[in-house]
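Close look at the chain arrangement
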Amino acid sequence: MVVCQVLTGLGGVGKTQLAAGLAHRMWQRRELDLLVWVTATSRSNTITGYSQAAADVHGVVDEDPDQGAARFLAWLAATRRRWLVVLDDVADPNDLRGLWPPAGSFGRTVVTTRRRDAALVAGRRVVDVGLFTSAECVAYLRAKLGSDPARLDQAAELAEDLGHLPLALAQAAAYILDRRSMTCAGYRRRLADQSRELADLTPEALPDEHSGPIAVAWSLSIARADEFAPVGVARPVLELAALLNPNGIPTDVFTTTAILGYLATRSRAGRPADGEDATDALDNLDRLNLITHDPANRTARVHGLLQRVVREATPTAQAAALAITTANALVEIWPDIERDPELGQTLRANTDALNTHAGLLLWDSDNGGHRVLFRAGRSLGETGQVSAAFDYHRALPRTRPPRHPDHAPQPRPLAGGGRGSGRRRHRLRGPAHRPAAGPAGAATAYADLLTDRLQVLGPDHPDTLTTRTNLAYWQGVAGDPAGAATACADLLTDMVRVVGPDHPGTLATRTNLAYWQGVAGDPAGAATACADLLTDMVRVLGPDHPGTLITRGNLTRWRGDGGRPGIRPVPPPPAPTCSPTRCGSSDPTTLTPSPPAATSPVGGGRPGIRPVPPPPAPTCSPTRCGSSDPTTPTPSPPAIVLFFGEGRQARLPESSTQQRHRP
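Note that this is a predicted model, so its numbers are computed, not measured.

Quick notes on the rules
- Residues numbered from 1 in each chain as written.
- Predicted model: local features only at pLDDT ≥ 70, side-chain atom pairs only at ≥ 80, totals over all residues.
- Heavy atoms only, no water.
- Pairing = 2+ DSSP bridges.
- Helix = DSSP H or I, 4+ residues; strand = E, 2+ residues; numbered from the N terminus.
- Salt bridge = Lys/Arg side-chain N within 4 Å of Asp/Glu carboxyl O.
- Buried < 20%, exposed > 50% of the residue type's maximum accessible area, 1.4 Å probe, protein only.
- Contact = heavy atoms within 4.5 Å.
- Axes fitted to C-alpha atoms, helices over the stretch in contact; angles between N-to-C directions.
- Parallel < 35°, antiparallel > 145°, perpendicular 65-115°, else oblique.
- Left-handed = near helix turned anticlockwise from the far one by under 90°.
- Nonpolar A, V, L, I, M, F, W, Y, C, P; charged D, E, K, R; others polar.
- Phe/Tyr/Trp six-rings, centres within 6.5 Å; stacked < 30°, edge-to-face > 60°.

Quick word on the sheet that holds strand E6 (residues 249-250)
Here we have three strands laid out as an open sheet, ordered E6-E8-E7, and antiparallel in their pairing. A strand with exactly one partner marks an edge of an open sheet, and here the two such strands are E6 and strand E7 (292-294). Two strands pair when backbone bridges link them, and E7 and strand E8 (residues 299-301) are joined in this way by three bridges, in the antiparallel orientation. Counted as the bridge partner of Asp294 is Thr299 from E8.

Below, the structure written as structure tokens:
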């Protein structure tokens, strides 16, 4: 027999209902002589419950509850009667010090809790109570709403919207039942309406003996986590996480200077927050099952409905500071060169979530959008998703707030400034961006610019690689195709090392190298290079991609030049250079050699398409504003005690999860 089980999980997953279902079954099957249910939200509640049980067992009421509790525990250790003690909703492991029921062959203990501290679970069987499956969600809604197909329309989609959370499903079902014309589809529409809060979608009477609505179920856990050391850090960390992707947040974002600076304004620890404080806050939230912190993969996950509850509870005065801080933090951890595709996808997903929840707060009517919005679009271009990058940037202006005529422009600092900002960026636009005296003058200007970029940015910076591409082009146009080919060959070695062999910028460099090889008098070598490139283009982009077709065309021309005189590939019209990191620059349709973006080092893509990101959003100095106290649910009776055959009547919490697995 299992002596002690600990049911742990996020508030609202049905831990109490599972324990109640077990108690009902064992009692109805006459497997118990004594059933004791204690609402163990505090030590005093537990002691009072034990003392009441002792009075029921012995018929004697102890004036001192502590003595009664001790007498009850001693009776459990000595009796041969079959008993079950349920300690429901344990809030603090310390409350059970000296109050754990004894281990024995005749008794069983079940604990429900939102915590997973080592002191609570060590040496006991832990049952992690998770969310419903999709099938369980639909079965639950069908059991509650009946078989009316109209009411069950979009039931599976509603379950997905609610994140398969049992408490949310129970409240949704009760809300629908209270309104004769309401359906699952109608509830979905109201849920998607961001002008409504979750409290507006809560039934007046809660089902299944739930003690409070979703917001109350979680508010107490959030408040408790915020009291753990470092005091006052867990809540703002959760508020920041509520703006990001629920399925995977890189935890490095919480140790950035942007977020640590913000936490310093909210912490009550009496000292500046550091990286260890942020990590401890994540662990504290994890201890209370508010998030899932995975240090090994450096990620955190949060239930989407919990995120919405936190966002709705966040004071309006703090919303802008939270959004700007989160955006600055994403920019801070975004690498200049994305060597890890999975990280790039994670950062883009988190930027999308931030834009969804706080989009207008990231735009300024005078200065435009925050840098992170454009960094996400640029990332799409870098990974070869050119159409997605184009659609992304085309959609951005739709979120820009209208400029009010009374809003005068205000000077502001660059958010997340540093490399590439301020005076240094102006300097790096250097002589190559003034009108050049012919190709030779442009080549000289880019050579001078390259010297500065190497000194300031380093050899592997995207802007340095772009400048080398531009320099090679103008060398060739100025009459030195052999030098251009050599420069492209050297650049190719670095491109493979820095961004990888399949990166669009690397493929573009190979195209440029083949072109200058042919112009320098080696059409056979150019044809061989194009043939090798074509194999990789088919593998990376597919046989019908425009870049692949262009490469086939180049190969045909160079083979013709090698076999029949007078046939030579014609270089395309001037177009911005394919930059390895600029949005649009990875368009494989521009993989033929092209002149540089002479007007801006951040240009890229096709002629005339040069997205220029607006100035970054301001770095805020948020001030802490008070938040409303969470509603405290009415305390439950301290204990319910049942004796088989005694004729007592007492009501246990109803079980709404009987289709689920049993502990």
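So, unusual backbone geometry
Cis geometry is adopted by the peptide bond preceding Pro230, which originates at Ala229 and carries an omega value of -5°. Checked against the element boundaries, Pro230 lands in the loop between helix H9 (214-227) and helix H10 (234-241). Here Asp89, not a glycine, exhibits a phi torsion of approximately 60°, which is positive. Tracing the sequence through the fold places Asp89 in strand E3 (residues 83-90). Positive phi values are uncommon outside glycine, yet Arg298 reaches one of about 55°. Mapping Arg298 onto the fold places it in the loop between E7 and E8.

Points about the pattern of salt bridges
Inspection of the entire model under this criterion finds 28 salt bridges. Arg497 serves as the salt-bridge partner of Asp460, at 2.8 Å between the closest nitrogen and oxygen. Placement of Asp460 in the loop between helix H19 (438-456) and helix H20 (462-477) and of Arg497 in helix H21 (residues 481-499) is noted, with a sequence separation of 37 residues between them. Owing to a relative accessible area of 49%, Arg497 belongs among the partly exposed residues under this scheme. Through salt bridges with shared partners, a single ionic network connects Glu338, Arg348, Arg375, Arg378 and Glu382.

What to know about helix H8 (residues 184-192)
Side chains three or four residues apart in an α-helix point the same way, a direct result of the helix having 3.6 residues per turn. Burial in H8 covers these residues: Cys184, Ala185, Gly186, Tyr187 and Leu191. Where the residues of H8 are buried, they touch helix H5 (134-145), helix H6 (155-161), helix H7 (166-177) and helix H13 (304-313).

Quick word on the packing of helix H14 (residues 316-333) against helix H15 (residues 341-358)
It is at 11 Å that the axes of H14 and H15 come closest, and there the two elements cross at 165°. One element, H14, and the other, H15, form an angle in the roughly antiparallel class. As for how H14 packs across H15, the hand of that crossing is left-handed. Within the contact between the two elements, H14 uses Ala323, Thr326, Ala327, Leu330 and Ile333 and H15 uses Leu347, Asn350, Thr351, Leu354 and Ala358. Of the residues that constitute the contact of H14 with H15, the class distribution is seven nonpolar, three polar and no charged.

As for the packing of aromatic side chains
For the structure on display, the rule yields eight aromatic pairs. Ring plane angle 80° and centroid distance 5.2 Å describe the contact between Tyr473 and Trp474, whose orientation is recorded as edge-to-face. Relative accessible area serves as the criterion here: at 15%, Tyr473 is assigned to the buried category. Here the aromatic rings of Tyr515 and Trp516 are separated by 4.9 Å at their centres, their planes lie at 75°, and the arrangement is edge-to-face. For the pair Tyr515 and Trp516, a shared accessibility class is recorded, and that class is buried. Among the aromatic residues, ring-to-ring pairing joins Tyr473, Trp474, Tyr515, Trp516 and Trp558 into one connected group.

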